[in-house]
Amino acid sequence: HSGEASVELVKNGNFATNTKWWLARNKLSMEVVEGFGGDGDYALKATNRANSGASPTQDLHLSCINAGDRIMFEAKFKLEKDGNAYTCSKQTVLDCPDMRISITTNGELATITTMVVAETMEPIVADGW
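Residues numbered from 1 in each chain as written. Predicted model: local features only at pLDDT ≥ 70, side-chain atom pairs only at ≥ 80, totals over all residues. Heavy atoms only, no water.

Chemist: Would you mind going over the overall build of the chain with me for this structure?
Modeler: What the chain contains, in helices and strands, is 0 helices and 8 strands. Listed N to C, the secondary structure of the chain is β-β-β-β-β-β-β-β in terms of helices and strands. Evaluated residue by residue, the chain yields a buried proportion of 19% over its 129 residues. Pairs at least 24 apart in sequence give 47% of the contacts found in the chain among residues at least 6 apart. (Helix = DSSP H or I, 4+ residues; strand = E, 2+ residues; numbered from the N terminus. Buried < 20%, exposed > 50% of the residue type's maximum accessible area, 1.4 Å probe, protein only. Contact = heavy atoms within 4.5 Å.)

The structure is reproduced here in structure tokens:
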């Protein structure tokens, strides 16, 4: 579906069906919680992030994407430490969220290429989203 057609590449991006389609990497814990605005809006809470690879992930099937197509991803983040919201600092690796795409090629002899496609705009407001 190229051109201006809107295609939802991320399955269950609104977390309406809990964590279905989402994978927890590197011992990450995930749970669905009330999201931005509440009232039926959900968010994914990720805890036990021992390193930057401990992240929620999802396999995207890009068969409907053609050369020259543009892909847009949008996310809202809320950062907490010990149950309290905080403002991130790009001085440490784990503080500020980013969005990455990893592309696996070569089947069983997988070569994984990862690129950052979005970084956090600072400042993130300490009281949430």
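Chemist: When you look at the side chain of Gln 58 in this model, what are you seeing that I'm missing?
Modeler: With respect to the secondary-structure elements, Gln 58 resides in the loop between strand E4 (56–57) and strand E5 (80–81). Note on Gln 58: relative accessible area 15%, which makes it buried. Reaching out from Gln 58, the side chain makes a polar contact with the backbone nitrogen of Lys 11 at a distance of 2.6 Å. Apart from residues no more than four positions distant in its own chain, Gln 58 is found in contact with Leu 9, Val 10, Lys 11, Trp 21 and Trp 22. (Polar contact = N/O pair within 3.5 Å; in protein donor to acceptor, adjacent residues only side chain to side chain.)

Chemist: I'm lost on the side chain of Ser 55 in this one. Help?
Modeler: Along the polypeptide, Ser 55 turns up in the loop between strand E3 (42–47) and E4. Judged by relative accessible area, which is 16%, Ser 55 ranks as buried. The contacts of Ser 55, once residues within four sequence positions are left out, are Leu 23, Ala 24, Arg 25, Leu 28 and Arg 49.

Chemist: Where do I start with unusual backbone geometry in this structure?
Modeler: Glycine aside, residues mostly have negative phi angles, and peptide bonds mostly take the trans form. With phi around 80°, Trp 21 is a residue other than glycine that occupies positive phi space. Of note, Trp 21 is situated in the segment before strand E1 (23–24). With relative accessibility at 46%, the residue Trp 21 sits in the partly exposed group. Within the chain, Lys 27 stands out as a residue other than glycine whose phi angle is a positive 65°. Within the secondary structure, Lys 27 sits in the loop between E1 and strand E2 (29–34).

Chemist: I'm lost on the packing of aromatic side chains in this one. Help?
Modeler: Here a ring pair, both rings aromatic, is described through the centre-centre distance and the interplanar angle of the planes. Counted under the stated rule, the structure contains 1 aromatic pair. Arranged with centres 5.3 Å apart and planes meeting at 40°, the rings of Phe 15 and Trp 22 form a pair that is tilted. For the residue pair Phe 15 and Trp 22, the accessibility class agrees, reading buried in each case. The lysine or arginine in question, Lys 11, covers the ring of Trp 21, its NZ or CZ lying 4.0 Å from the ring centre. (Phe/Tyr/Trp six-rings, centres within 6.5 Å; stacked < 30°, edge-to-face > 60°. Lys NZ or Arg CZ within 6 Å of the ring centre and 35° of its normal.)

Chemist: Before we go on, may I ask you to explain the environment of Glu 80 in this structure?
Modeler: Structurally, Glu 80 is set in strand E5. Considering only alpha carbons, one finds Glu 80 and Thr 47, 33 residues apart in sequence, at a separation of 9.5 Å. Once residues within four sequence positions are removed from consideration, Glu 80 is found in contact with Lys 45, Ala 85 and Tyr 86.

Chemist: Where do I start with the environment of Leu 62 in this structure?
Modeler: Among the structural elements, Leu 62 can be located in the loop between E4 and E5. A relative accessible area of 39% means that Leu 62 is categorised as partly exposed.

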